[in-house]
2 protein chains.
Amino acid sequence: MLDCQNHEVCIESAMREADLICQEKGLRFTELRREVLRLIWLSHVPAKAYDILDKLKGKAWSAKPPTVYRALDFLQETGLVHKLDSINAYIGCSHPREHNGCYFLICTDCNEAKECCSPELTDAIELAWTKNSFRPKKVTLEVLGQCGECE
Amino acid sequence: MLDCQNHEVCIESAMREADLICQEKGLRFTELRREVLRLIWLSHVPAKAYDILDKLKGKAWSAKPPTVYRALDFLQETGLVHKLDSINAYIGCSHPREHNGCYFLICTDCNEAKECCSPELTDAIELAWTKNSFRPKKVTLEVLGQCGECE
DNA sequence: TTTAAAATTGTTATATTATAACATTTAAGT
DNA sequence: ACTTAAATGTTATAATATAACAATTTTAAA
């Protein structure tokens, strides 16, 4: 699915970006949170909470479910991670500074997911619900299907 | 949230439509499935699986989780019910014959949900992912926010 | 620089959502 | 009636997530 050429670079740049964002916002990017984010970025297949938990256990942490869910909460609030509700999994945000009108393509063959943006799309969506006099707080737009590489 | 004027009528028409659709498709709309659909239609607040379970228990059924989930599976396959992934709840489909490019507005105040259609929206969405050479199988589009009545 | 307050993490327990596997019953077609 | 397939019953458990309180660490105030 992915167009990321060198995944090591992909991870490192995401981590560096996260560092900067937390610094700017005065948030504490602790070792635990950092490690959870790194584990999520290890793959473009969205991570399951309990898989992250298992991986943490293999390391220094005394990991229990709340350990992971709290870190996930922090990362979501900070915009560094998104939850994909249609598959109960978590993915690193590819442009955390301006996540806006984005959606996710999730391949049911290779299981990879990709975050996409489309201003036209966003506009059409916005328009649709203002007609319904509805004040949006959070939009979930996820497409399950088959990606180009898997056909 | 809703523009349904008389909810009794709303329920009855949904049930009648479901009857017809199952008949046309040669599907067995059993008492259990019928009752689950009716319980879902009782409110425009999407129903939780275990609440349906509790309500079934108050009736003739020996209800256990699979009782409800199987009925929900049937109703979803038939297009009579949709699952809202962002809130893990189930809602009756308001136009089961041609559900297409629909999305859901979910009010976080009154908890009601409304199914909406917008061809422009659908088109914009379709376009967006064909650019990514992606073959969609299922689209999840849910908007959490505040409805007109709740402001 | 101690100290108080706040944030983070640890820990135990449990809630919520959903499915697997196999037995029994009911309905449909021969 | 008989056979098969579908639906339902039943037991057990998997998968996902949170509540509540304790201990620790960090921050910032005195």
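Rules behind the numbers
- Residues numbered from 1 in each chain as written.
- Chains lettered and ligands numbered in written order.
- Predicted model: local features only at pLDDT ≥ 70, side-chain atom pairs only at ≥ 80, totals over all residues.
- Helix = DSSP H or I, 4+ residues; strand = E, 2+ residues; numbered from the N terminus.
- Rg over C-alpha atoms; globule rule 2.2 N^0.38 Å.
- Buried ≥ 20, exposed ≤ 12 C-beta atoms within 10 Å, placed from the backbone.
- Contact = placed C-beta atoms within 7 Å.
- Domains from an automatic or database assignment.
- Nonpolar A, V, L, I, M, F, W, Y, C, P; charged D, E, K, R; others polar.
- Pairing = 2+ DSSP bridges.
- Axes fitted to C-alpha atoms, helices over the stretch in contact; angles between N-to-C directions.
- Least-squares fit on C-alpha atoms with pLDDT ≥ 70 in both.
- Left-handed = near helix turned anticlockwise from the far one by under 90°.
- Near = placed C-beta within 6 Å.

## Quick look at the overall build of chain A
If you tally the helices and strands in chain A, you get five helices and five strands. Along its sequence from the N terminus, chain A presents helices and strands in the succession α-α-α-α-β-β-β-β-α-β. Against the compact-globule benchmark of 15 Å for 151 residues, chain A has a radius of gyration of 16 Å, which places it among compact chains. Dimensions along the principal axes, computed over C-alpha positions, put chain A at roughly 50 × 40 × 30 Å. Considering chain A as a whole, with its 151 residues, one finds that 34% of them fall into the buried category. For chain A, the proportion of contacts with a sequence separation of at least 24, taken over those separated by at least 6, is 54%.

## Here we look at the domain arrangement of chain A
All names here are of chain A. As far as domains go, chain A holds domain 1 (7-96) and domain 2 (98-150). Computed from C-alpha atoms alone, the centre-to-centre distance between domain 1 and domain 2 is 21 Å. Taken residue by residue, the interface counts 13 residues in domain 1 and 11 residues in domain 2. Partitioning the side of domain 1 that touches domain 2 into residue classes produces seven nonpolar, five polar and one charged.

## Considering helix α2 (residues 31-41) of chain A
Those residues of α2 of chain A that fall on the buried side of the exposure criterion are R33, V36, L37, L39, I40 and W41 of chain A. Looking at the buried side of α2 of chain A, the elements it contacts are α1 (7-25), α3 (49-57), α4 (65-77), β1 (81-84) and β2 (89-92) of chain A.

## Observations regarding the sheet that holds strand β3 (residues 102-107) of chain A
Strand order in the open sheet formed by six strands is β4(A)-β3(A)-β5(A)-β5(B)-β3(B)-β4(B), and the pairing between neighbours is mixed. The strands lining the two open edges of the sheet, one partner per strand, are β4 (113-117) of chain A together with β4 (113-117) of chain B. When strand polarity is set aside, the average angle formed by the axes of neighbouring strands in this sheet is 25°. In this sheet, strand β5 (residues 135-146) of chain B lies alongside strand β3 (residues 102-107) of chain B in parallel orientation, the contact comprising four bridges. Each residue of the ladder has a partner; that of C107 of chain B, found in β5 of chain B, is G145 of chain B. Strand contacts of helix α5 (residues 119-130) of chain B: β3, β4 and β5 (135-146) of chain A together with β3 and β5 of chain B, with the helix running at about 130° to β5 of chain B, the strand carrying the most contacts.

## With respect to the relation of the copies chain B and chain A
When chain B is fitted to chain A, the residual RMSD is 0.0 Å, and the transformation amounts to a turn of 180° plus an axial shift of 0.0 Å. Viewed as a symmetry operation, the transformation between the two copies matches a two-fold axis. When C-alpha positions in chain B are compared against the rotation axis, the closest is assigned to L141 of chain B, at 2.2 Å. Looking at the interface residues of chain B, 100% of them are also at the interface in chain A, so both copies use one shared face.

## What about the pairing of β3 of chain A?
Judged by how many residues are buried, β3 of chain A sits mostly within the fold: five of six residues are covered. In textbook terms, the turn of a hairpin is the stretch between consecutive antiparallel strands, and for β3 of chain A and β4 of chain A this stretch comprises five residues, one of which, N111 of chain A, has a positive phi near 70°.

## Considerations on the packing of helix α3 (residues 49-57) of chain B against helix α4 (residues 65-77) of chain B
Each pair of packed helices can be summarised by the angle the axes make with each other and by the distance between the axes. All names here are of chain B. Contact geometry of α3 with α4 gives a least axis separation of 9 Å together with a crossing angle of 115°. The hand of the α3/α4 crossing is right-handed. Residues A49, I52, L53 and L56 of α3 lie in contact with α4, whose contacting residues are P65, T67, V68, Y69 and L72. In terms of residue class, the contact of α3 with α4 is made up of eight nonpolar, one polar and no charged.

## Remarks on the protein's contact with DNA strand D
Every one of the 19 residues lining DNA strand D counts as a neighbour, but P65 of chain A together with T30, L32, S62 and P66 of chain B are closest to it. Broken down by secondary-structure element, the contributors of at least two residues to the surface near DNA strand D are α3 and α4 of chain A together with α2 (31-41) and α4 of chain B. If you tally residues by element for the surface near DNA strand D, the top one is α4 of chain B, at four residues. Residues that form the surface near DNA strand D fall into these classes: nine nonpolar, four polar and six charged.

## Quick look at the interface of chain B and chain A
Tallying the contact residues gives 30 residues for chain B and 30 residues for chain A. Within the residue set of the side of chain B that touches chain A, elements represented by two or more residues are α5 and β5 of chain B. Residue classes in the side of chain B that touches chain A are distributed as 14 nonpolar, nine polar and seven charged. Where β5 of chain A and β5 of chain B come together, 11 bridges link them in antiparallel fashion. What sits directly across from V143 of chain A, in β5 of chain B, is V139 of chain B.

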